[in-house]
Amino acid sequence: MEKLNISITERTTPVVLPQNLGFGQFFTDHVFEMDYTPAKGWHNASIKPLRDLELHPATMFIHYGQAVFEGLKAFKTVSGEVVIFRPERHMQRMNNSSRRICIPEVDIPFVLNALNELVAIDKDWIPTNSGEALYIRPFIFGSDPFLGVKPSTNYKLIIICSPVGAYYPEGFKPVKILVQDEYVRAVRKGLGECKTPANYAASLLAAEEAKQKGYTQVLWLDGIEQKYIEEVGTMNIFIRFKNEVVTPMLTGSILPGVTRDSVIRILKDWGENITERLVSIDEVISEYKKGNLLEIFGTGTAAIISTVGKLGYKDTEIVLNPVEPGELALKLFEELTSTHYGIIEDRHKWLWHVEKKQVEVI
Ligand SMILES: Cc1ncc(COP(=O)(O)O)c(C=O)c1O
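Heads up: these notes are all about the structure in this document. Just so we're clear, the structure is a prediction, and the values are computed from it rather than from any experiment. (Residues numbered from 1 in each chain as written. Predicted model: local features only at pLDDT ≥ 70, side-chain atom pairs only at ≥ 80, totals over all residues. Heavy atoms only, no water.)

Around the ligand there are 17 residues in total, and Tyr 200, Glu 231, Val 258, Thr 259 and Thr 301 lie nearest to it. Tyr 200 has a polar side-chain atom sitting 2.5 Å from an oxygen atom of the ligand. In this structure, Thr 259 approaches the ligand through a side-chain N or O atom, which is 2.6 Å from an oxygen atom. Within the complex, 97% of the 380 Å² of free accessible area of the ligand lies under protein. The pocket occupied by the ligand, as judged from atoms lying within 2 Å of grid points, is the largest pocket. A breakdown of the residues in the shell around the ligand according to their chemical character gives four nonpolar, nine polar and four charged. (Near = heavy atom within 4 Å. Polar contact = N/O pair within 3.5 Å; in protein donor to acceptor, adjacent residues only side chain to side chain. Areas by Shrake-Rupley, 256 points an atom, 1.4 Å probe, with all protein chains shown as cover. 1 Å grid on protein atoms, 1.4 Å probe; cavity = no way out; pocket = protein on both sides within 12 Å on 5 of 7 lines; lining within 4 Å. Sits in = over half its atoms within 2 Å of the grid points. Nonpolar A, V, L, I, M, F, W, Y, C, P; charged D, E, K, R; others polar.)

Given below as structure tokens:
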């Protein structure tokens, strides 16, 4: 297996984490980088000090969007251990995203080892207050300087890390979501299930318009009939009816969330009636009117669990728990965060324990 070269900047002063971390504003001082060429495959793996990138203006991904990314988190447990939540699953998803847009896949064990070293080197950047974590952002982009639509021949993989606080400024307070029937984010057999920039570009205008109307995010409907609910900006969605918890089935236009998968497993453990199926916005509204809609919540790495306090759709407003988070959402949030911070047993072996291994330092 390829050797990982590491050049570390020795810190002369300890890391001082900012008071208000927010989300995605601060970065640790090292990055992992690796290159791909058809002749050598993935090679040139290194961990080095964070630096700006210098790119040719014709670099292909800037023009044609051939890029994928991931978002996962590392935590410091109450006993001081460093853990990463389900990194294999995230790397598998990155390879799935890559396949769909002609990016060469990576060797998962190799990248996990690199991730292990990177997080170990920057472990002093992991914040420890409740809701805080080290957000890890691996990404790959087509790096050829070329104008013309085709897959790039060369690629670069980079992993950067960012100490973060709560994703939503509201913290764990119910968010307001607008059901989007004006624009479409993704269609089946398109790119919806890939974590690729195009999906996020497609979401920006709708999210801005929703914000102007006082909403936190949008809930997307399916791209064909605008009938079935799909997912929220950067979260999957769960609806708790009186006798069933439902999450939209993975039809190809929804990102298969790692938190979604974890929540389904936990709900099954708890004996909840959890179903993955098509669920229309009309069904949600009619169950609400009948008094059968108890909770709506989103799931995602960034916010973990986010309760929906208000859902707007055309001229209907569904108002749920306007002040307090929903009961099941709160229970799930506590279960997941207690797992992250090592407060309860990691029953599903979701935590990857970061160990500082002996590596060659150049
Ligand atoms: C569009 C979209 N849906 C859902 C999610 C939730 O996925 P996960 O739980 O893997 O973070 C994310 C975040 O990555 C996302 O960007």
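Having seen the structure, we can now continue with the description.
Before going further, it helps to examine the packing of helix α2 (residues 87-100) against helix α3 (residues 108-121). For the pair α2 and α3, the least separation of the axes is 10 Å and the interaxial angle reads 125 degrees. On the basis of their axis angle, the class for α2 and α3 is oblique. Crossing hand, α2 versus α3: right-handed. Between α2, through Pro 87, Glu 88, Met 91, Gln 92 and Asn 95, and α3, the contact on the second element is made entirely by Ile 108, Val 111, Leu 112 and Leu 115. For the contact of α2 with α3, the class distribution of residues is six nonpolar, two polar and one charged. (Axes fitted to C-alpha atoms, helices over the stretch in contact; angles between N-to-C directions. Helix = DSSP H or I, 4+ residues; strand = E, 2+ residues; numbered from the N terminus. Parallel < 35°, antiparallel > 145°, perpendicular 65-115°, else oblique. Left-handed = near helix turned anticlockwise from the far one by under 90°. Contact = heavy atoms within 4.5 Å.)

Among the nonpolar cores identified, the biggest contains 39 residues, and Phe 32, Met 34, Val 119, Ile 136, Ile 140 and Leu 157 are the most heavily contacted of them. Within the residue set of this core, elements represented by two or more residues are β2 (30-37), β3 (41-49), β5 (72-76), β6 (82-85), α2, α3, β7 (133-142) and β8 (155-164). Non-local contacts of Ile 136, meaning those with residues more than four positions away in its chain, are made with Glu 70, Gly 71, Leu 72, Lys 73, Ala 74, Ile 84, Leu 115, Val 119, Ile 159, Ile 160 and Cys 161. (Core = buried A, V, L, I, M, F, W, Y, C linked by side-chain atoms within 4.5 Å. Buried < 20%, exposed > 50% of the residue type's maximum accessible area, 1.4 Å probe, protein only.)

Turning next to the pattern of salt bridges. Evaluated as defined, the whole model comprises 19 salt bridges. The salt bridge involving Asp 181 is made with Lys 314; its shortest N-O contact spans 2.6 Å. Placement of Asp 181 in the loop between β9 (175-180) and α4 (197-201) and of Lys 314 in the loop between β16 (304-313) and β17 (316-319) is noted, with a sequence separation of 133 residues between them. Residue Asp 181 is classed as partly exposed on the basis of its relative accessible area of 29%. A salt bridge links Asp 261 to Arg 265; the shortest N-O distance between them is 3.6 Å. Linking Asp 261 with Arg 265, this pair stays in helix α6 (residues 258-269), spanning four residues, or about one helical turn. One network of salt bridges, with partners in common, ties together Glu 33, Asp 35, Lys 48, Arg 51 and Lys 156. (Salt bridge = Lys/Arg side-chain N within 4 Å of Asp/Glu carboxyl O.)

Helix length check: α6, at 12 residues, gives a terminal C-alpha distance of 17 Å against a target of 16 Å (1.5 Å per residue), a fit within 8%. Val 258, Thr 259, Arg 260, Asp 261, Ser 262, Val 263, Ile 264, Ile 266 and Leu 267 are the residues of α6 that are buried. At the C-terminal side of α6, Gly 271 shows a positive phi close to 80 degrees. (Expected span 1.5 Å × (residues − 1).)

What follows deals with empty space enclosed by the protein. Counted according to the given criterion, the structure contains three cavities of 30 Å³ or more. In this structure, the largest cavity occupies an estimated 80 Å³ of space. Taken together, Leu 72, Lys 73, Phe 75, Phe 85, His 90, Thr 259, Gly 300, Thr 301, Ile 304, Leu 336 and His 340 form the lining of the largest cavity. Taken together, the elements giving at least two residues each to the lining of the largest cavity come down to β5 and α8 (327-340). Considering every element that reaches the lining of the largest cavity, the biggest residue donor is β5, with three residues. A breakdown of the residues in the lining of the largest cavity according to their chemical character gives five nonpolar, five polar and one charged. (Points joined across faces, edges and corners; volume = space filled by probe spheres on them.)

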